[in-house]
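Spelled out, the chains give:
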Amino acid sequence: MIRQLKSEKFMYSHFIDGIISGQFRKIPLENIRKIARERYFGFTPLTELSREEDTLLENLLIKQLYSTLNRDDLELLCGPVYIREEKDDHFINLYLENEIPDNHGKKLRLISPMEKIDIFFNPHKWLKIRINKPRFSSDVTRYGNRNLLGEDSYFRNTTSPDEFRNLLKSIRRQSGSEYLTVLDIGCGMGLALRDMKDLDSNLRTHGITMEQEPAMFNANYFHYLFAERMPLEFREKFHLIVSNMSFRYFLFPHRALQNTVKSLAKGGYARIIFSYDSIPETGETREYFLKQVPNSESNYKAMKVLIGKTIAELEILKKEGEIRFTTDDNFYNRSMQGRICIEKISY
């Protein structure tokens, strides 16, 4: 069981060892670099990037993976951890050995390593964990875990599945395919993908995310890679592509948008909540974007120019009848940020 788990959760083998032994050991930087090169760069990309662009992505990835996979919360969870049994199942409250509060007669119970394995690698439980520390508490999940429907979801302000089901019906009619292949760009733990499968079993679900979580919801495939660097095998593969605010964190969101169009199958449909307001800004990336857009004041201002070129390309494809391309009413007034919908007619 442990061997299989370590194989599936390849980014968290050290965490599993730490749970069993009670002693957490960080992943060395060289091991992080190996994961990055083998899994994120060991294939032919759908859109060719320059060596400089690949290097920038690799440097950002290594820094992010090192921080995420060696974070303090993982080390804390490898030591003595107590749980408070509660009727309210909204959170799973965990406490550290020297941080046992006054529970008004409720006792805390020390959990065993195998109980930790059960809790930490179960997505339903991992999503609810709250670590209680002196003077504050924190969730263990990272970010980006939104449901398909409901408030702050992919299909906002609706709990009815009709809008999503009608969308699938339209895609089936346009593509001529009953069994649809779906991609979520920036899927997090795969919560929205799980919701999709619950609504329609005739979906083959794929998710792109940079980082693996200890626990992931069920999907047919998870791809740990950059949306800017999708593999060549993604060409015309997906009948439905969705993304909710993940583009804002990409270094090259215009490349990711180009990949989205290339990845759509004929009759396929993409629904992207698009933004680019949180592009990483370092000395290296600033130097790169200044070369792309001379005299630009920031990466954001440079990306606005590059996005403008990509959107213009999409408008040309629309005029040529190869795609249908629509946006929110205020998309252009908001510096080309908001909802984008693309339907592939031919390409």
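Right, let's walk through the structure included here. Source: prediction; values computed, not measured. (Residues numbered from 1 in each chain as written. Predicted model: local features only at pLDDT ≥ 70, side-chain atom pairs only at ≥ 80, totals over all residues. Heavy atoms only, no water.)

## Some words on the environment of Asn333
- Mapped onto the elements, Asn333 comes out in the loop between strand 13 (323-327) and strand 14 (338-344).
- For Asn333, a relative accessible area of 68% corresponds to the exposed category. (Helix = DSSP H or I, 4+ residues; strand = E, 2+ residues; numbered from the N terminus. Buried < 20%, exposed > 50% of the residue type's maximum accessible area, 1.4 Å probe, protein only.)

## Some thoughts on the sheet that holds strand 11 (residues 238-244)
- Reading across from one edge, 10-9-8-11-12-14-13 is the order of the seven strands in this open sheet, with mixed pairing throughout. At either end of the open sheet lies a strand with only one pairing partner, and these are strand 10 (221-224) and strand 13. Sheet twist, expressed as the average angle between the axes of neighbouring strands with direction ignored, equals 15°.
- Taken together, the four bridges between strand 9 (residues 203-209) and strand 10 define a ladder with parallel strand orientation. Its bridge partner being in strand 10, Thr209 is matched across the sheet by Tyr224.
- Helix 9 (residues 191-199) rests against strand 8 (180-185), strand 9, strand 10 and strand 11 of the sheet, and its axis sits at about 175° to strand 9. (Pairing = 2+ DSSP bridges. Axes fitted to C-alpha atoms, helices over the stretch in contact; angles between N-to-C directions. Contact = heavy atoms within 4.5 Å.)

## Regarding the pattern of salt bridges
- Counted under the stated rule, the structure contains 20 salt bridges.
- As a salt-bridge pair, Arg71 and Glu213 come within 3.8 Å of each other at their nearest N and O atoms. Of this pair, Arg71 sits in the loop between helix 4 (51-69) and helix 5 (72-78) while Glu213 sits in the loop between strand 9 and strand 10, and the two are 142 residues apart along the sequence.
- On the basis of relative accessibility, which here comes to 4%, the residue Glu213 falls in the buried class.
- The partner of Arg130 in a salt bridge is Asp139, with the nearest N and O atoms 3.3 Å apart.
- Through salt bridges with shared partners, a single network forms among Arg172, Glu178 and Asp200. (Salt bridge = Lys/Arg side-chain N within 4 Å of Asp/Glu carboxyl O.)

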